[in-house]
Amino acid sequence: MASFQSNDAFWQMHDFLFASQHSLTVATFDSELNDFARQSGSLNVADFNGCLQHSERAEKVLQQDAALADTWHVDATPTIFINGNRQVGIQTPEALRDAVAASTA
């Protein structure tokens, strides 16, 4: 939604969502997002609300992302690809280093 408008808007929304994750609820989510959009100064509120109301553009992006995830069998996080090999669940820098080393051996 925010990324449709600008990279700055995306990162502002990202930061807001992470900072607010413990206070956001199902009941307050839409109103808090709208408040943020109005206060941010970087979002067109009408366009933003259009995405919240399941716009065709937003729905198309979600469908494309879901199809891409299906194509590459990405059904868990974290999932990364190292030299074309799918790796699921790497949690530590050491495990990532080992996976990279194994892929180049």
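Residues numbered from 1 in each chain as written. Predicted model: local features only at pLDDT ≥ 70, side-chain atom pairs only at ≥ 80, totals over all residues. Heavy atoms only, no water.

**Quick look at the overall build of the protein chain**
For the protein chain, the helix and strand inventory stands at 5 helices and 2 strands. Written out in order from the N terminus, the α and β elements of the protein chain read α-α-α-α-β-β-α. Counting only C-alpha atoms and orienting by the principal axes, one finds that the protein chain spans roughly 55 × 30 × 25 Å. The buried share of the protein chain, reckoned over its 105 residues, is 18%. A separation of at least 24 residues holds for 28% of the contacts in the protein chain among residues at least 6 apart in sequence. For the protein chain, the exposed surface amounts to about 7,600 Å²; the carbon and sulfur share of it is 55%. Across the protein chain, the mean location of the 5 positive side-chain charges is 5 Å away from that of the 13 negative side-chain charges. (Helix = DSSP H or I, 4+ residues; strand = E, 2+ residues; numbered from the N terminus. Buried < 20%, exposed > 50% of the residue type's maximum accessible area, 1.4 Å probe, protein only. Contact = heavy atoms within 4.5 Å. Areas by Shrake-Rupley, 256 points an atom, 1.4 Å probe, with all protein chains shown as cover. Lys, Arg positive; Asp, Glu negative; His and termini not counted. Charge placed at Lys NZ, Arg CZ, Asp CG, Glu CD.)

**So, helix 4 (residues 56-71)**
Note that an α-helix has 3.6 residues per turn; residues three or four places apart therefore point the same way. Helix length check: helix 4 (16 residues) gives 22 Å between terminal C-alpha atoms against 22 Å at 1.5 Å per residue, within 8%. After helix 4 finishes, the residue His73 shows a positive phi value of roughly 60°. (Expected span 1.5 Å × (residues − 1).)

**Focus on the pairing of strand 2 (residues 85-88)**
Relative to strand 2, strand 1 (residues 79-82) runs antiparallel, the two being bridged by 4 bridges. Note on strand 2: the bridge partner recorded for Ile80 is Gln87. Where strand 1 folds back onto strand 2 in an antiparallel hairpin, the turn is made up of 2 residues, including Asn83, whose phi is positive at roughly 50°. (Pairing = 2+ DSSP bridges.)

**With respect to the packing of helix 2 (residues 29-40) against helix 3 (residues 45-52)**
The N-to-C vectors of helix 2 and helix 3 enclose an angle of 155°; their axes lie 10 Å apart at closest approach. As the angle between them shows, helix 2 and helix 3 are arranged roughly antiparallel. Here helix 2 and helix 3 pass one another in a crossing that is right-handed. Here Leu33, Asn34, Ala37 and Arg38 of helix 2 come into contact with helix 3, specifically with Val45, Phe48, Asn49 and Leu52. Class assignment for the residues of the contact of helix 2 with helix 3 results in 5 nonpolar, 2 polar and 1 charged. (Axes fitted to C-alpha atoms, helices over the stretch in contact; angles between N-to-C directions. Parallel < 35°, antiparallel > 145°, perpendicular 65-115°, else oblique. Left-handed = near helix turned anticlockwise from the far one by under 90°. Nonpolar A, V, L, I, M, F, W, Y, C, P; charged D, E, K, R; others polar.)

**Remarks on the nonpolar core**
It is characteristic of soluble globular proteins that their nonpolar side chains tend to be buried jointly. Counting 11 residues, the largest nonpolar core is built from Ala2, Ala9, Met13, Phe16, Leu24, Leu33, Phe36, Ala37, Leu43, Phe48 and Leu52. Of all the secondary-structure elements, those providing two or more residues to this core are helix 1 (7-20), helix 2 and helix 3. The residues touching Ala37, leaving out its near neighbours within four places in the chain, are Leu43, Val45 and Phe48. (Core = buried A, V, L, I, M, F, W, Y, C linked by side-chain atoms within 4.5 Å.)

By themselves, these figures tell us nothing about what the structure is for.
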